[in-house]
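Chains, contacts and geometry: an overview
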Amino acid sequence: ETGVTQSPTHLIKTRGQQVTLRCSSQSGHNTVSWYQQALGQGPQFIFQYYREEENGRGNFPPRFSGLQFPNYSSELNVNALELDDSALYLCASSFRTGGGFGYTFGSGTRLTVV
Amino acid sequence: AQRVTQPEKLLSVFKGAPVELKCNYSYSGSPELFWYVQYSRQRLQLLLRHISRESIKGFTADLNKGETSFHLKKPFAQEEDSAMYYCALSEGGYQKVTFGTGTKLQVIP
């Protein structure tokens, strides 16, 4: 059984640039959720994808967007990067929507915006 | 709006002492509650879910709807319990899971 893998592990971008983060779900999981975790904070829900469609969104602006592919892998795209976007971005997969059975998390991508 | 509150940023206990990590929530519906744990240099992982009423690594948590709490307890702390603990709430049929800010548990040998 494979776990959730994220790439890259670290990334440095300049303000105004665009970034794409990638995630491969755990085998058998059909739902992917993305979280942003700022230093000293708990993870904040960005959005969730189920069957290749957005299935819920947190309080994040439209410049945060995503994709889910037929193999359940996923991308998080952030346009027009701002300094406050610097954070750890976590991908989590689950069996169904709602996270009711609990998530399996990746190790995260540390994004630094300078 | 739903909210999860973990009032303690840091909890230090001696090995063998009881542990209670506090979690309170606000949510108008029927929530699903979880505890997640993050050991040093490891990824965030699910510890337990209230609906399964299980004990994992000696930890238990009871959902108290009257007090809107879901405290995590263990009778005798072990050094390997030292980690960051997050309480989380799922809005049932909706997709969003809300996390608390976390409590760092430090078990002193």
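Residues numbered from 1 in each chain as written. Chains lettered and ligands numbered in written order. Predicted model: local features only at pLDDT ≥ 70, side-chain atom pairs only at ≥ 80, totals over all residues. Heavy atoms only, no water.

Quick look at the pairing of strand 5 (residues 44-50) of chain A now. The side chains of a regular strand alternate, residue by residue, between the two faces of the sheet. All names here are of chain A. The element strand 5 is largely enclosed, with a buried count of five among its seven residues. Relative to strand 5, strand 4 (residues 31-37) is paired through six bridges, and the arrangement is antiparallel. From the neighbouring strand, Gln36 faces strand 5, where its bridge partner is Gln44. In this structure, the hairpin formed by strand 4 and strand 5 is closed by a connection of six residues, where Gly40 is found at a positive phi of approximately 80 degrees. (Buried < 20%, exposed > 50% of the residue type's maximum accessible area, 1.4 Å probe, protein only. Helix = DSSP H or I, 4+ residues; strand = E, 2+ residues; numbered from the N terminus. Pairing = 2+ DSSP bridges.)

Let us now look at the sheet that holds strand 3 (residues 19-21) of chain B. All names here are of chain B. As summarised here, the arrangement of the three strands in space is 3-8-7, forming an open sheet in which the pairing is antiparallel. The sheet is open, and its two borders are formed by strand 3 and strand 7 (60-61), each paired with just one other strand. Bridge count for strand 7 against strand 8 (residues 72-74) is two bridges, and the pairing is antiparallel. Pairing of Thr60 across the sheet is with Lys73, part of strand 8.

Glancing now at the packing of aromatic side chains. One pass over the full model with this rule turns up 12 aromatic pairs over all chains. The interplanar angle of 90 degrees and the centroid separation of 5.3 Å between the aromatic rings of Phe47 of chain A and Tyr49 of chain A together place this pair among those described as edge-to-face. A relative accessible area of 0% means that Phe47 of chain A is categorised as buried. A relative accessible area of 7% places Tyr49 of chain A in the buried class. For the ring pair Phe105 of chain A and Tyr36 of chain B, a centre distance of 5.6 Å and an interplane angle of 85 degrees mean the geometry is edge-to-face. Here Phe105 of chain A is found in strand 10 (residues 104-105), whereas its partner Tyr36 of chain B is found in strand 5 (residues 32-38) on a different chain. (Phe/Tyr/Trp six-rings, centres within 6.5 Å; stacked < 30°, edge-to-face > 60°.)

Turning next to the environment of Ser74 of chain A. All names here are of chain A. Among the secondary structure elements, Ser74 is positioned in strand 8 (residues 74-78). Between the C-alpha atom of Ser74 and that of Gln44, which follows or precedes it by 30 residues, the distance is 18 Å. Filtering out sequence-adjacent residues up to four positions away, Ser74 remains in contact with Leu21, Arg22, Cys23, Val32, Trp34, Leu67, Gln68 and Phe69. Within polar-contact distance, the side chain of Ser74 engages the side chain of Trp34 at 2.9 Å. Within polar-contact distance, the side chain of Ser74 engages the backbone oxygen of Leu67 at 2.8 Å. (Contact = heavy atoms within 4.5 Å. Polar contact = N/O pair within 3.5 Å; in protein donor to acceptor, adjacent residues only side chain to side chain.)

Residues and elements named next belong to chain A. Counted under the stated rule, the structure contains eight salt bridges over all chains. A salt bridge links Arg63 to Asp85, with the nearest nitrogen and oxygen atoms 2.8 Å apart. Placement of the pair is Arg63 in the loop between strand 6 (53-57) and strand 7 (64-68) and Asp85 in the loop between strand 8 and strand 9 (87-94), with a sequence separation of 22 residues. Accessibility assignment for this pair places Arg63 and Asp85 in one class, buried. Residues joined by salt bridges that share partners form a network here, namely Arg63, Glu82 and Asp85. (Salt bridge = Lys/Arg side-chain N within 4 Å of Asp/Glu carboxyl O.)

This paragraph deals with unusual backbone geometry. Residues and elements named next belong to chain A. Residue Ser7 is joined to Pro8 through a cis peptide bond whose omega torsion reads -10 degrees. Within the secondary structure layout, Pro8 lies in the loop between strand 1 (5-7) and strand 2 (10-13). One non-glycine residue, Glu52, adopts positive backbone phi at about 70 degrees. With respect to the helices and strands, the residue Glu52 is situated in the loop between strand 5 and strand 6. Judged by relative accessible area, Glu52 falls into the partly exposed class, the value being 42%.

This part is about the sheet that holds strand 3 (residues 19-24) of chain A. Residue and element names in this part refer to chain A. If you walk across this open sheet you meet the four strands as 1-3-8-7, and the pairing is antiparallel. What marks the edges here is a single partner per strand, and that holds for strand 1 and strand 7. Sheet twist, expressed as the mean angle between neighbouring strand axes with direction ignored, is 20 degrees. Bridge count between strand 1 and strand 3: three bridges; the pairing is antiparallel. Bridged to Thr5 within strand 3 is Ser24. (Axes fitted to C-alpha atoms, helices over the stretch in contact; angles between N-to-C directions.)

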